[in-house]
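Working through the structure, step by step
Listed below are the residues making up each chain.
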There are 2 protein chains.
Amino acid sequence: MQSFPDRLDQLCAARGSICAGIDPRPERLPTDMTRDDWAAQACARLAPQVAAVKPQLAFFGDRWAGVQGVAHAAREGGALVIADCKRGDIGSTATAYAEALLGAESPYDAVTLNPYLGGDSLEPWIEVAARHGRGLYVLVKTSNPGSRDLQDLELAGGGTLCERVARLVSELGEAHRGGESGRSLIGAVVGLTAPLDVIARLRELMPHTPFLMPGYGAQGGDPRALAAAKDAAGGGVLVSASRSLTHPWQGAAPADWRERLDAACEAMRIDLAE
Amino acid sequence: MQSFPDRLDQLCAARGSICAGIDPRPERLPTDMTRDDWAAQACARLAPQVAAVKPQLAFFGDRWAGVQGVAHAAREGGALVIADCKRGDIGSTATAYAEALLGAESPYDAVTLNPYLGGDSLEPWIEVAARHGRGLYVLVKTSNPGSRDLQDLELAGGGTLCERVARLVSELGEAHRGGESGRSLIGAVVGLTAPLDVIARLRELMPHTPFLMPGYGAQGGDPRALAAAKDAAGGGVLVSASRSLTHPWQGAAPADWRERLDAACEAMRIDLAE
């Protein structure tokens, strides 16, 4: 079984380092479609063109049924599926979540995790992910303005909290590197909206860590941040866009919404390649 | 509509400050019952005896169906329902989660939240909770050993990360105090396993914040921590127990498991009252 970072690398090389965030907004759906139907159809349209899709589980009310169509469409289109669930829990609870979301029956290839509870809250996930060839992305520096409140706090020993989390992610990942890429199965979420020097510093602290970078498009992220985020091999970065890629319109979806998804995806690919 | 802290106060005064964590362990179920059936029946047994029940959503695979029986049994028994989901997400996602988990249709009275993403990730929850008379518990100092990794880090400006989170919780809660108790709808999760001086310091920083304290029983929390955690009015603390209260046996559940729940609940009540 190929490792998650290797599968992702091959897809990024072939299709561009694009991840389509599937966050269905009720007010931007076609007027004659349900949320779940739209999400599955939008995913079916985008999946053959992107490396990964990232359904935000919150928008499906955490219901498996809602997200099954998305996961199925992603597989049909050959894209990886990252469940954006930002879980973080202790011991046996983390194990229960990990088995449910990354176990043998799961349609997901990776999940996002919150590190606030510490290393022992991540370990059950690492064990399950390693066993099933899946991946993890730990929140390090998020793309929202409030990420400053805690993540940017200066520590008494030097550096910031998000830098400390970056060290933890890198250390935990050392034992889980491999494959052709040499990258770890434990990735990091680093917002494209972060200052360039912060992104460069985080890459320095996490040389073998795959980055998942939200904040492209609607949130105003700087595509130049990509250069700062790439690893020594010139890769290891997946850029995620949600609204700008899956809802590139105002109000209810226009009749030609499928073609608009194609156009938005192509524009993003060109933008990232520059 | 009475506020969440006031409703909780009345129940704690009448029944003791006990919260039953509903984390169904497959290996400790009666051999002839499904997880969901057992969880609903255990909850039906305990709900009339405790102030609140806290289903851990992970153990239900995040499925609404599984947890509905628990929520229904809790209401029948007059206990409040705290959904232990530890959510933390940005803007519109937080709003989607908050509406799903605390909106008009929700069976939950409160949820647990993770603060790593910062204040703007908590605000949509506060807005929804205030509108519907519900409550929140933000993770401040968790009960697992790994809580040291980040939560105990010393900050350059003095104090620890969890103390900084405590300040944030207290500040955000100031505008949401009221009712007879004068307590805020924004509570804090503070593990009973924390050192007594840490608990006392967190109470000092959060004088009007309801505490939810896991770690009683199986995790080895010190009941003396209760004294340190109580607020100026001698209350504001809810103690949560899971394994020691809902699975007080080894292996598969014995035939008299219902009576064992009653006995464990009574023992905990006496223990906390001492």
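Bear in mind the structure is a predicted one, so any value in this text is a computation, not a measurement. (Residues numbered from 1 in each chain as written. Chains lettered and ligands numbered in written order. Predicted model: local features only at pLDDT ≥ 70, side-chain atom pairs only at ≥ 80, totals over all residues. Heavy atoms only, no water.)

**Details of the interface of chain A and chain B**
As a reminder, the rule being used: In this description, contact between two residues means that some pair of their heavy atoms is separated by no more than 4.5 Å. The buried area of a pairing is the accessible area, by a 1.4 Å probe, that goes missing from both parts when the two are put together, added over both. One speaks of a salt bridge when a side-chain nitrogen belonging to Lys or Arg is within 4 Å of a carboxyl oxygen belonging to Asp or Glu. In protein, a polar contact requires one atom able to donate a hydrogen and another able to accept it; more generally it is a pair of N or O atoms within 3.5 Å, and residues adjacent in sequence count only if both atoms are side-chain atoms. Comment: elements are numbered from the N terminus, with helices defined as DSSP H or I runs of at least four residues and strands as E runs of at least two. When residues are grouped by polarity, Ala, Val, Leu, Ile, Met, Phe, Trp, Tyr, Cys and Pro land in nonpolar, Asp, Glu, Lys and Arg in charged, and all others, Gly among them, in polar.
Each partner contributes residues to the interface: chain A has 46 residues there, and chain B has 46 residues. A combined buried area of about 3,900 Å² lies between chain A and chain B, and 57% of that area is made up of carbon and sulfur atoms. At the boundary of chain A and chain B, one finds two salt bridges. In this structure, Lys86(A) engages Asp89(B) in a salt bridge whose closest nitrogen and oxygen atoms are separated by 3.0 Å. The interface formed by chain A and chain B includes 23 residue pairs in polar contact (both at pLDDT 80 or more). Those elements that provide at least two residues to the side of chain A that touches chain B are β3 (80-87), α4 (91-102), α5 (119-132), β5 (135-141), α6 (147-151) and α7 (161-174) of chain A. Class assignment for the residues of the side of chain A that touches chain B results in 21 nonpolar, 15 polar and ten charged.

**A short note on the packing of helix α2 (residues 35-46) of chain A against helix α11 (residues 257-273) of chain A**
Residues and elements named next belong to chain A. Rules: Orientation is described by axes fitted as lines to C-alpha atoms, over the contacting stretch for helices, and by angles from 0 to 180 degrees between their N-to-C directions. The scheme is simple: roughly parallel for angles under 35 degrees, roughly antiparallel for over 145, roughly perpendicular for 65 to 115, oblique for anything else. The handedness criterion is simple: a crossing whose near helix is rotated anticlockwise from the far helix by less than a right angle is left-handed, and one whose near helix is rotated clockwise is right-handed.
It is the contact of α2 with α11, at a shortest axis distance of 10 Å, that shows an interaxial angle of 45°. It follows from the interaxial angle that α2 and α11 lie oblique. As for how α2 packs across α11, the hand of that crossing is right-handed. Between α2 and α11, the contacting residues are Trp38, Gln41, Ala42, Arg45 and Leu46 on the first element and Trp257, Arg258, Glu259, Leu261, Asp262 and Cys265 on the second. A breakdown of the residues in the contact of α2 with α11 according to their chemical character gives six nonpolar, one polar and four charged.

**Quick notes on the relation of the copies chain A and chain B**
Here two copies of a chain appear, and what relates them is a rotation about an axis with a shift along it. Rule in force here: What sets the superposition is a least-squares fit of C-alpha atoms, and only residues with pLDDT of at least 70 in both copies go into it.
The transformation that overlays chain A on chain B combines an axial shift of 0.0 Å with a rotation of 180°, and the residual RMSD is 0.0 Å. Overall, the copies show the geometry of a two-fold rotation axis. Of the interface residues in chain A, 100% have counterparts in chain B that sit at the interface too, so the contact is made through matching surfaces.

**Considering the pattern of salt bridges**
Residues and elements named next belong to chain B. Basically, it comes down to this: Each residue gets one of three labels from its accessible area relative to the maximum for its type: buried under 20%, exposed over 50%, partly exposed in between, using a 1.4 Å probe on protein chains only.
In total, this model carries 37 salt bridges over all chains according to the counting rule given. Notably, a salt bridge pairs Glu174 with Arg177, separated by 3.2 Å at the nearest N-O pair. Residue Glu174 is classed as partly exposed on the basis of its relative accessible area of 42%. Assessed through its relative accessible area of 36%, Arg177 is described here as partly exposed.

**Observations regarding the sheet that holds strand β8 (residues 237-241) of chain B**
All names here are of chain B. Our working rule: For two strands to be treated as a pair, DSSP must find at least two bridges joining them.
Judged by pairing direction, the barrel is parallel, and its eight strands sit side by side in the order β1-β2-β3-β4-β5-β6-β7-β8 before closing back on the first. Adjacent strand axes in the sheet meet at a mean angle of 30° when their direction is disregarded. Sitting on the sheet, helix α11 (residues 257-273) touches β1 (18-22) and β8, and the angle it makes with β1 is about 140°.

**Overview of the pairing of strand β6 (residues 186-190) of chain A**
Residue and element names in this part refer to chain A. Definition in use: Orient the strands so they point away from the viewer; a crossover is then right-handed if the path from the first strand over the helix to the second runs clockwise.
For β6, a buried count of five out of five residues is recorded, marking the element as mostly surrounded by other parts of the structure. Side chains Ile186, Ala188 and Val190 of β6 all project onto a buried face; the interleaved residues Gly187 and Val189 project onto the opposite face, where all are buried too. Across five bridges, β5 lies against β6 in parallel orientation. Within β6, the position partnered with Val138 by the bridge is Ala188. Considered for its hand, the β-α-β crossover made up of β6, helix α8 (residues 196-205) and strand β7 (residues 211-213) is right-handed.

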